[in-house]
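Close look at the chain arrangement
Chain by chain, the residues:
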Amino acid sequence: MAESKTAIYGAIGANVAIAVTKFVVAGVTGSSAMLSEGIHSAVDTFNGILLLVGLRLSQRPATPEHPFGHGKELYFWSLIVAVLIFGLGGGVSFYEGIQHIRNPEPMRDPMWNYIVLAAAFVFEGTSFTIALKQFIGQTNGQPFWTALHRSKDPTTYTVLAEDSAALAGLLVAAVGIYASHRLDMPALDGAASVVIGVLLVGVAVLLIRESRGLLIGEGIRPETAREIRALALAHPGVNGVGEILSMYIGPDDALVTIDLDFDDGTATDQAAATISTLQREVRARYPMIKRLFIEAGSPPEADQTTGAVPFKQVDPTNGVVVARA
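Below, the structure is looked at part by part. (Residues numbered from 1 in each chain as written. Predicted model: local features only at pLDDT ≥ 70, side-chain atom pairs only at ≥ 80, totals over all residues. Heavy atoms only, no water.)

Some details on the overall build of the protein chain
The condition that has to hold: Strands are runs of DSSP state E lasting at least 2 residues, helices are runs of H or I lasting at least 4, and numbering of each runs from the N terminus. Any residue under 20% of the maximum accessible area for its type is buried, any over 50% is exposed, and the rest in between are partly exposed; the area is computed with a 1.4 Å probe on protein chains only. Only heavy atoms enter the contact rule, under which two residues are in contact if any of them lie within 4.5 Å. Surface exposure here means Shrake-Rupley accessible area, sampled with a 1.4 Å probe, where a residue is shielded only by the protein chains that are shown.
Of the regular secondary structure elements, the protein chain holds 9 helices and 6 strands. Here the protein chain holds 325 residues, and 46% of them are scored as buried. Put simply, of all contacts in the protein chain between residues at least 6 apart along the chain, 73% involve residues at least 24 apart. Summed over its atoms, the accessible surface of the protein chain is roughly 15400 Å², and 65% of this surface lies on carbon and sulfur atoms.

Some thoughts on the pattern of salt bridges
Put simply, the test is: Take a side-chain nitrogen of Lys or Arg and a carboxyl oxygen of Asp or Glu: if they are within 4 Å of each other, that pair is a salt bridge.
All told, the structure shown has 5 salt bridges when counted by the stated rule. The partner of Lys152 in a salt bridge is Glu218, and the shortest N-O contact between them spans 2.3 Å. Residue Lys152 is located in the loop between helix H5 (144–150) and helix H6 (154–182), and its partner Glu218 is located in the loop between helix H7 (187–215) and helix H8 (222–233); the two are separated by 66 residues in the primary sequence. Glu218 sits in the partly exposed class, given a relative accessible area of 25%. One salt bridge in this structure joins Glu223 and Arg221, with 3.0 Å as the shortest N-O distance.

Some words on the nonpolar core
General note: in soluble globular proteins, nonpolar side chains tend to be found buried as a group. Condition: Residues belong to one nonpolar core when they are buried, are Ala, Val, Leu, Ile, Met, Phe, Trp, Tyr or Cys, and are joined through side-chain atoms within 4.5 Å.
With 67 residues, the main nonpolar core has Ile220, Ile228, Ile258, Leu260, Val282 and Ile289 as its most contacted residues. The contact partners of Ile289, leaving out residues within four places of it in the chain, are Ile228, Ala254, Val256, Val282 and Arg283.

Considerations on the environment of Val83
Along the chain, Val83 falls in helix H3 (residues 73–102). In this structure Val83 comes out as partly exposed when scored by relative accessible area, which is 44%. Taking the C-alpha atoms as reference points, Val83 and Leu207, separated by 124 residues in sequence, lie 8.7 Å from one another.

Notes on the packing of H6 against H7
The condition that has to hold: For helices, the fitted line uses only the C-alpha atoms of the stretch in contact; every axis is such a line through C-alpha atoms, and the angle between N-to-C directions lies from 0 to 180 degrees. An angle counts as roughly parallel when it lies under 35 degrees, as roughly antiparallel when it exceeds 145, as roughly perpendicular when it falls between 65 and 115, and as oblique in every other case.
Running from amino to carboxyl end, H6 crosses H7 at an angle of 170°, the nearest separation of the two axes being 8 Å. The angle between H6 and H7 places the two elements in the roughly antiparallel class. In this structure, H6 contributes Tyr157, Thr158, Ala161, Ala165, Ala168, Gly169, Val172, Ala173, Gly176, Ile177, Ala179 and Ser180 to the contact, and H7 contributes Leu188, Asp189, Ala192, Val195, Ile196, Leu199, Leu200, Val203, Leu207, Glu210, Ser211 and Leu214.

Notes on the layout of surface pockets
Note the threshold: For cavity detection a 1 Å grid was placed over the protein atoms alone, and a set of points counts as a cavity when a 1.4 Å probe fits there but cannot get out; an open set counts as a pocket when protein lies on both sides within 12 Å along at least five of seven lines, with lining residues being those that have an atom within 4 Å of a point. Grid points are joined across faces, edges and corners, and a volume is the space filled by probe spheres set on the points. Lys, Arg, Asp and Glu make up the charged group, whereas Ala, Val, Leu, Ile, Met, Phe, Trp, Tyr, Cys and Pro make up the nonpolar group; the residues left over, Gly among them, are polar.
Within this model, the second largest pocket holds a volume of roughly 400 Å³. Along its surface, the second largest pocket is lined by 15 residues, and Trp145, Leu148, Tyr157, Ala161 and Leu206 are the ones closest to its centre. Split into classes, the residues belonging to the lining of the second largest pocket amount to 11 nonpolar, 2 polar and 2 charged.

So, the side chain of Thr274
Tracing the backbone shows Thr274 in helix H9 (residues 268–285). Looking at Thr274, the relative accessible area reads 10%, which means it is buried. Once you skip the residues sitting within four places of it in the chain, Thr274 turns out to touch His235, Pro236, Val238 and Phe262.

Some thoughts on the packing of aromatic side chains
Stated formally: For Phe, Tyr and Trp, rings pair up if their centres lie within 6.5 Å, where Trp contributes its six-membered ring, and each pair is then called stacked (planes under 30 degrees apart), edge-to-face (over 60) or tilted (otherwise).
Counting across every chain of the model gives 1 aromatic pair. Arranged with centres 5.2 Å apart and planes meeting at 80°, the rings of Phe76 and Trp77 form a pair that is edge-to-face.

What about the packing of helix H2 (residues 32–58) against H7?
Between H2 and H7, whose axes approach to 7 Å, the crossing angle comes to 25°. The orientation of H2 with respect to H7, classified from their angle, is roughly parallel. Contacts between H2 and H7 pair Ser32, Ala33, Ser36, Glu37 and His40 from the former with Asp189, Gly190, Ala192, Ser193, Ile196 and Leu200 from the latter. Among the residues forming the contact of H2 with H7, the class breakdown is 4 nonpolar, 5 polar and 2 charged.

Take a look at the structure:
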C-alpha cells in the first residue's frame, strides 16, 4: 500500500503543476490541443485524489455488515476514476476539438506551447517512471504485459495507464500544434484534440473493463485453480476435488474454497492431516490467498481404533474447515 501511495502522490504532484501551466498557456496562445491537455491533467489530479480515498477506505477493518472487510472499496473508486477519464477527459477533449475544427482560430505565439509540452513531458515521464518502478517490483519475474493483465491492484495500473496516455497525448498535441502553425491550418490543432479525446476514451474503456471484473467477483486464474487441484490430488487418500470457488476481495486478498473427496475407509485423523498439509502448501505457494476454506465432501469413515466419527472442525486461527459431518 505504501508503494501504491508513492506512485499516486508522484502523479498528483506532476499533474497539479502541469494542469495550471497548460491552462495559462492555452489562454495565451488559443490552442485547442493545449486546452485539452490542461483538462486531461486536471482530471488526472482529481483521479489521484479519488484513488487515495479508495486506498484509505479499503483498509478499514471488517464489520458484521462487511465480514470480509472493505477491500473492494478500491475497485469501486477505480471504476469512478475510469468513468471520469471517459467523460471529463475524453468527452470534453473530443468536444473541444470538434468545436475548434468547426470554428478554427489562428494560433498565437506557439513557442509557449512547445516549452510547456517539453516541461510536461519531463514531469509526466518522472511520474510514469515512479509508477513503472513500483509495478515492476511487484511482477515477480513475470513478463510485463502478463503481469499488467493479472494485476489486481488498480492503483498501480491506473496510474500507469494515465501516465502512458498523458505522454502519448503530449506527443499528439505537439504534432498538432506544429502542423497547425507550420501549414497555417488551425483546424489541425482541433484534430489533435479529437485524437487526444479518443485516446483517453480508449484507456478509460480498458480501466472500466478491469474494474468491472473485480467488482462482480473475479476469482483466481484458471491455471492457479488447476495447480491447486493437482496439489490436492497428489495427497494419498484424495480421489477427487470438487469445484474450486474463489473471489478477490482486495488487491492481495483472495478467498478460496476447496471441496475434497476421500477414498472410502479414510480415517478422520488422516483426512484432517491431509487437509492441514494442503492448506500450508497452498498458502506457501499463493500468498495472496488469505482466506482458505477446505472441506471433506465425501466424509471419511470413523477411525476403527478409536470409534471417532467424522465431524466439522474449524481452525479458529485461519478459518480452515478440517472435516465435515
